[in-house]
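Spelled out from the first residue to the last, the chains are:
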Amino acid sequence: MFSNIGVPGLILILTLALIIFGPKKLPEIGKAFGQTLKEFKKSTRELTDDVIEDIKEEKKI
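A brief structural summary. Please read all numbers here as calculations on a predicted model, not as lab measurements.

### Notes on the overall build of the chain
Stage number 1. For the chain, the count of helices and strands is 1 helix and 0 strands.
Stage number 2. A globule of 61 residues ought to have a C-alpha radius of gyration of about 10 Å, yet the chain, at 19 Å, is considerably larger.
Stage number 3. The C-alpha extent of the chain, read off along each of the three principal axes, is 60 × 25 × 10 Å.
Stage number 4. Out of the 61 residues in the chain, the part that is buried amounts to 3%.

The structure is reproduced here in structure tokens:
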């Protein structure tokens, strides 16, 4: 996904984010993004586990 950005593009994005949101809001935004990503991974894992369990149950029948 981010393979085409490169280091200069990443620095530009981080600089713009720092200018727009300021140094006080940026850690809060990063924390919220991290929590959102964590919840997404957890939901995806649970969904995958449910599908695997359903497949195992179908094979038993």
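Let us keep going from here.
### Remarks on a negative patch on the surface
Stage number 1. A surface patch of negative charge is lined by Glu39, Glu46, Asp49, Asp50, Glu53, Asp54, Glu57 and Glu58.
Stage number 2. Inspection of the secondary structure assignment puts Glu53 in helix α1 (residues 6-60).

### Here we look at the pattern of salt bridges
Stage number 1. If you walk through the whole model with that rule in mind, you get 1 salt bridge.
Stage number 2. Its salt-bridge partner being Glu28, residue Lys25 comes within 3.6 Å of it at the nearest N-O pair. Highlighted residues: Lys25 and Glu28, both in helix α1, separated by 3 residues, approximately one helical turn.
Stage number 3. Under the relative-accessibility criterion, Glu28 is labelled partly exposed at 49%.

Reading the values: rules and limits
- Residues numbered from 1 in each chain as written.
- Predicted model: local features only at pLDDT ≥ 70, side-chain atom pairs only at ≥ 80, totals over all residues.
- Heavy atoms only, no water.
- Helix = DSSP H or I, 4+ residues; strand = E, 2+ residues; numbered from the N terminus.
- Rg over C-alpha atoms; globule rule 2.2 N^0.38 Å.
- Buried < 20%, exposed > 50% of the residue type's maximum accessible area, 1.4 Å probe, protein only.
- Patch = residues over 30% accessible without salt bridge, like charges linked within 9 Å, V, L, I, M, F, W, Y side chains within 5 Å.
- Areas by Shrake-Rupley, 256 points an atom, 1.4 Å probe, with all protein chains shown as cover.
- Salt bridge = Lys/Arg side-chain N within 4 Å of Asp/Glu carboxyl O.
- Lys, Arg positive; Asp, Glu negative; His and termini not counted.
- Charge placed at Lys NZ, Arg CZ, Asp CG, Glu CD.

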